[in-house]
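Residues per chain are reported as follows:
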Amino acid sequence: MADWRASLPEVRGKLLHDQPLAPYTWFRVGGPADVLFLPADEDDLADVLKALPEEVPVHFMGVGSNSIIRDGGVEGVTVRLMGKYWGEVRPGGPHSLFARAGALDLAVARTAAREGIAGLSFFSGIPGSVGGAVRTNAGCYGRELKDVANQIEAVTRSGEKVRFEAEIAQYGDPKIDFSYRHSNLPDDIIVTGILLTGSGEDDPAALEREIKDHQARRAETQPIREKTGGSTFANPDPPGTPNQRSSWKLIDEAGCRGLRVGGAQVSAKHCNFLINADEATAADLEALGELVRARVLDVTGVQLRWEIRRIGRIQTPA
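Now for a quick tour of the structure.

The rules behind these values
Residues numbered from 1 in each chain as written. Predicted model: local features only at pLDDT ≥ 70, side-chain atom pairs only at ≥ 80, totals over all residues. Heavy atoms only, no water. Axes fitted to C-alpha atoms, helices over the stretch in contact; angles between N-to-C directions. Helix = DSSP H or I, 4+ residues; strand = E, 2+ residues; numbered from the N terminus. Parallel < 35°, antiparallel > 145°, perpendicular 65-115°, else oblique. Contact = heavy atoms within 4.5 Å. Nonpolar A, V, L, I, M, F, W, Y, C, P; charged D, E, K, R; others polar. Pairing = 2+ DSSP bridges. Salt bridge = Lys/Arg side-chain N within 4 Å of Asp/Glu carboxyl O. Buried < 20%, exposed > 50% of the residue type's maximum accessible area, 1.4 Å probe, protein only.

**Some thoughts on the packing of helix H3 (residues 105-115) against helix H5 (residues 204-221)**
Relative to each other, H3 and H5 sit at 155°, their axes nearing to 7 Å. By the angle class used here, H3 and H5 are roughly antiparallel. Residues Leu 106, Ala 109, Arg 110, Ala 112, Ala 113 and Arg 114 of H3 lie in contact with H5, whose contacting residues are Pro 204, Leu 207, Glu 208, Ile 211 and Gln 215. Taken together, the residues that form the contact of H3 with H5 break down as 7 nonpolar, 1 polar and 3 charged.

Structure representation (structure tokens):
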């Protein structure tokens, strides 16, 4: 590891060796990154990726709302797009916004409201940043990112800048498209920005009220003041499915509300959320999630799919 780290180029951002990642995640758990890279812009990112040996893994991390960083840390380079540059949200054309990947989803909703752009208020109900939302086709309140995605900008693992039309353009094979809580974006690209197109014009005050309603609904139904993440498991059925099954109902049916492993707990407020209730480790959270999956499968016959990403090395006992 020392050889490739010593050969990294000079950057305008920051390269932090053996950097603890727990402070960068909502769960506040996890080990260090071999290298945490905070690039200044796309050129800075591309220069480092070009210089990295092919065998060095690269991981993307947004604001840490949808990730469990394992206790053994993360091998290779972890890229986090943060700061004023990466948080930019600006008008991008008629009824459209351009957002860089580090922009908070709430900032997208609020900027759209100020600009009078309808159809983007649902972003206020999505925890995290735009880059992560693209990767997982995040959504809520009946809408998903795919409904408003227009153009996506990214940098490949080899340092090449690419741009493509959402759902219709080609990058390699097959086409890039979106499905429920999933995109087939290649693993070797880092999303850097996206053009979002709303559904037309609306009164800014009305859009602000819509955002406040979404925020109040989240506060009432989700454990947003806990050390938690986004939804732990994707619903078994995509939106619009007749008799759609919800993960939280299946978890409740399996008797998992309030279930604990170590310092990790299934939220009593909304049982599709895990919380770091008492100095939990990443291993506690992951073990709890797997226990929930096993009980739900046993009771209901449904195999839940993780929506939270688990990243890094499992720590082995000393």
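Resuming the write-up.
**Quick notes on the sheet that holds strand S6 (residues 89-93)**
Pairing in this open sheet of 5 strands is antiparallel, and the strands run S6-S7-S15-S11-S12 from one edge to the other. Two strands close off the open sheet at either side, each with one partner strand: S6 and strand S12 (161-165). Direction aside, neighbouring strands of the sheet carry axes that sit 25° apart on average. Relative to strand S7 (residues 96-100), S6 is paired through 4 bridges, and the arrangement is antiparallel. Of the residues in S7, the one forming a bridge with Arg 90 is Phe 98. Against the sheet, H3 engages S6, S7 and strand S15 (189-197), with an angle of about 150° to S7.

**Here we look at the pattern of salt bridges**
A pair can form between side chains of opposite charge whenever their charged atoms are brought close. All chains considered together, the criterion is met by 18 salt bridges. Linking Asp 41 and Arg 12 is a salt bridge whose minimum nitrogen-to-oxygen distance equals 2.8 Å. Of this pair, Asp 41 sits in the loop between strand S2 (32-38) and helix H2 (42-51) while Arg 12 is found in the loop between helix H1 (2-6) and strand S1 (14-20), placing the two residues 29 residues apart along the sequence. Arg 12 gets classed as exposed once you look at its relative accessible area, which sits at 52%.

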